[in-house]
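This is what each chain is made of:
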Amino acid sequence: MKAGRCPLRCKFERMDKFIVEGPVRLQGRITVSGAKNASLALMPTCLLAPGVFHLTNTPNNRDVWTFSRLLGSMGVFAELNGNTLLLDSSNITSYEAPYDHVKKMRASIYVLGPLVARYGQARVSLPGGCNFGPRPVDLHLKGLEKLGASITIEGGYIIAKADRLKGTHFHFDISSVGASVNILMAAVLAKGHTVLTNVALEPEVTALARMLVKMGAKIDGIGTTTMEIQGVDELKAVTEDTIPDRIEAATFLLAGAMTKGDLTLEHVNPYHLTAVIQKLEDAGADIDVTGDSIRITMSEAPQAVDITTAPYPGYPTDSQAQWAAFMMMAQGAATIKDTIYPTRFGYVPELQRLGADIEVGEMHCTVKGGKQLTGATVMSSDLRASASLVMAGLVAHGHTEILRVYHLDRGYESLEKKLNAVGARIRRVPTEEY
Ligand code: EPZ
């Protein structure tokens, strides 16, 4: 898939729908893809050095495609061959991320740090909010200002300028994956010593730091909340493997459990899933971890177990909608609290259409399990909400039509193919909507 070479209306731009037949029981083996949120952090590093990068185990999903097109608009040659993404940044021609790209994917803002660090300038559209609330970027901008960049906002765009970024001390007021990614990429080319504290611990941030070191950056404290960076004058293009997608893995584990199935996931990193595994065992699932595979079996309805999301290694907000779907099968009531995105419950009205008994409160929802679920037409609203709808369709009696699955395609590679291979009955149907 070449950036820009995708046919005018490629699969990532159609508004397909899924028709899911239920109930089914999932049984078999699934290979988990590379992590979307790692790819989105690794891809912009190509702006830090000229040359040809190879990112292996890159998932073929819509967000990677969108980011490839953005980088393509800046002069990067991007080509996904299978799951190896080639990025040739020998000829950067633009330092801009237009609104049209950023509105499709917030992570487009990740070009900001590298552009300012290497070229001393950037014009990047402010990302909007999203379906689950405002998504501020103040920490991204404060960090860059602390590194010596001048930041102005003009017409919805961030205008950043710097002769040469200078090492500094910067503390992230809150744990932010995106701000950690952006500021880390900026600091590695800043002149002098930088200390970052309260850096996000998510595996995707650690993966980025490891890649930057491979490129020639000097970083201490990788995997901790305090990173010390000694700026260098130049970096080099490298080949880097992408870590497995812990959120895709969590989605499949929960789908296997809720169908009382027997599912083995391959090519995962169990250490990235400790909070999810713990909660699944609390709910009564049997989990067997062997190297880079996890087997989950469940024969009874789950116990009702509450979750509260938190920054890594806490329970991930990106899997709270999926936990809510799972708890629809439970005996009793479970409360799902999201401390990161307090309004990330857009999936609730859609699950209610299938017969779920869920109430939304302040920063939480409460699922009363055990209700008979019946297929209906539901609307995807965001990536992870859509995943919870697919899971619900697997257990609802009859057909569930899930509209606008392009939300799902953002973060899951061939989701329906993977699930159908282990017993699901999902049809992807193109619609006339674009
Ligand atoms: C990343 O988003 C992920 N996206 C999100 O996954 C994930 O939900 C989120 O981290 C939390 O884990 C990618 O990695 C591409 P944050 P990000 O900055 O970086 C506040 C998915 O489904 N904040 O860690 O935008 C923010 O409002 C997506 O794959 C500020 O206040 O999240 C939130 O409450 C959805 N100011 C908290 O920090 C800032 O400058 C954590 O956000 C930045 C963030």
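As a reminder, the structure under discussion sits directly above these lines.
Just so it is clear, the model here is predicted, and its values are computed rather than measured.

**Q** I keep staring at the overall build of the protein chain and nothing clicks. Help me out?
**A** The secondary structure content of the protein chain amounts to 14 helices and 24 strands. The C-alpha radius of gyration computed for the protein chain amounts to 21 Å, which stays within 12% of the reference 22 Å derived for 434 residues, consistent with globular compactness. Dimensions of the protein chain along its principal axes, counting C-alpha atoms only, are 65 × 45 × 40 Å. Sorting the 434 residues of the protein chain into buried and exposed places 58% on the buried side. Nonlocal contacts in the protein chain, meaning residues at least 24 apart in sequence, comprise 74% of its contacts between residues at least 6 apart. Summed over its atoms, the accessible surface of the protein chain is roughly 16100 Å², and 49% of this surface lies on carbon and sulfur atoms. Both charge centroids of the protein chain, one from 44 positive and one from 45 negative side chains, sit 4 Å from each other.

**Q** Sorry if this is basic, but what is going on with the sheet that holds strand β1 (residues 17-22) here?
**A** Pairing between the strands of a sheet comes from backbone hydrogen bonds, and it takes one of two forms, parallel or antiparallel. Read from one edge of the open sheet, 4 strands run β22-β23-β1-β24, paired in mixed fashion. With partners counted over all chains shown, the strands left at the sheet margins are β22 (377-379) and β24 (425-429), one partner each. If you compare each strand with its neighbour and ignore which way they point, the axes differ by 20° on average. Bridge count for β22 against strand β23 (residues 398-403) is 3 bridges, and the pairing is parallel. Its bridge partner being in β23, M379 is matched across the sheet by L403. Along the sheet, helix α12 (residues 383-395) contacts β1, β22, β23 and β24; its crossing angle with β1, the most-contacted strand, is approximately 35°.

**Q** What's the story with the sheet that holds strand β5 (residues 84-88) in this structure? I'm lost.
**A** Taking strand neighbours across the sheet as the criterion, the 4 strands line up as β4-β5-β3-β14 in an open arrangement whose pairing is mixed. With partners counted over all chains shown, the strands left at the sheet margins are β4 (77-81) and β14 (239-241), one partner each. The average angle at which neighbouring strand axes cross in this sheet is 15°, direction not considered. The pairing of strand β3 (residues 52-56) with β14 spans 3 bridges and is classified as parallel. Across the sheet, L55 pairs through a bridge with E240, a residue of β14.

**Q** So what exactly am I meant to see when it comes to the environment of K104 here?
**A** Relative to the helices and strands, K104 resides in the loop between α3 (99-102) and α4 (112-119). Residues K104 and C130, spaced 26 residues apart in sequence, show a C-alpha to C-alpha distance of 9.9 Å. In contact with K104, other than residues within four places in its own chain, are T66 and R410.

**Q** Got a minute to help me understand the pattern of salt bridges in this structure?
**A** Pairing is possible between side chains that carry opposite charge, provided their charged atoms lie close to one another. Applying the stated criterion to the full structure yields 21 salt bridges. Linking R29 and E266 is a salt bridge whose minimum nitrogen-to-oxygen distance equals 2.6 Å. Here the residue R29 occupies a position in strand β2 (residues 27-31), and E266 occupies one in strand β15 (residues 262-266), the gap between them amounting to 237 residues. Given the relative accessible area of 53%, R29 is considered exposed. Taken together, the shared-partner salt bridges connect D16, D409, E416 and R428 into one network.

**Q** When you look at the site of the ligand in this model, what are you seeing that I'm missing?
**A** Of all residues adjacent to the ligand, which total 24 residues, the nearest are D138, S176, V177, G178 and D318. Between the ligand and N37, the relevant distance is 3.0 Å, taken from an oxygen atom to a side-chain nitrogen or oxygen of the residue. Within the backbone of V177, an N or O atom sits 2.7 Å from an oxygen atom of the ligand. At the level of elements, α1 (36-42), α5 (138-146), α6 (177-187) and α12 are the ones that each hand at least two residues to the shell around the ligand. Split into classes, the residues belonging to the shell around the ligand amount to 11 nonpolar, 6 polar and 7 charged.

**Q** Just to check I follow, could you spell out α5 for this structure?
**A** Every α-helix carries 3.6 residues per turn, so stepping three or four residues along brings you back to the same face. Among the residues of α5, L139, H140, L141, G143 and L144 are the ones counted as buried. Where α5 is buried, its residues meet α4, β8 (150-154), β9 (157-161), β10 (169-171) and α6. Once α5 finishes, G148 follows within two positions and takes phi at roughly 105°, a positive value.

About the cut-offs
Residues numbered from 1 in each chain as written. Predicted model: local features only at pLDDT ≥ 70, side-chain atom pairs only at ≥ 80, totals over all residues. Heavy atoms only, no water. Helix = DSSP H or I, 4+ residues; strand = E, 2+ residues; numbered from the N terminus. Rg over C-alpha atoms; globule rule 2.2 N^0.38 Å. Buried < 20%, exposed > 50% of the residue type's maximum accessible area, 1.4 Å probe, protein only. Contact = heavy atoms within 4.5 Å. Areas by Shrake-Rupley, 256 points an atom, 1.4 Å probe, with all protein chains shown as cover. Lys, Arg positive; Asp, Glu negative; His and termini not counted. Charge placed at Lys NZ, Arg CZ, Asp CG, Glu CD. Pairing = 2+ DSSP bridges. Axes fitted to C-alpha atoms, helices over the stretch in contact; angles between N-to-C directions. Salt bridge = Lys/Arg side-chain N within 4 Å of Asp/Glu carboxyl O. Near = heavy atom within 4 Å. Polar contact = N/O pair within 3.5 Å; in protein donor to acceptor, adjacent residues only side chain to side chain. Nonpolar A, V, L, I, M, F, W, Y, C, P; charged D, E, K, R; others polar.

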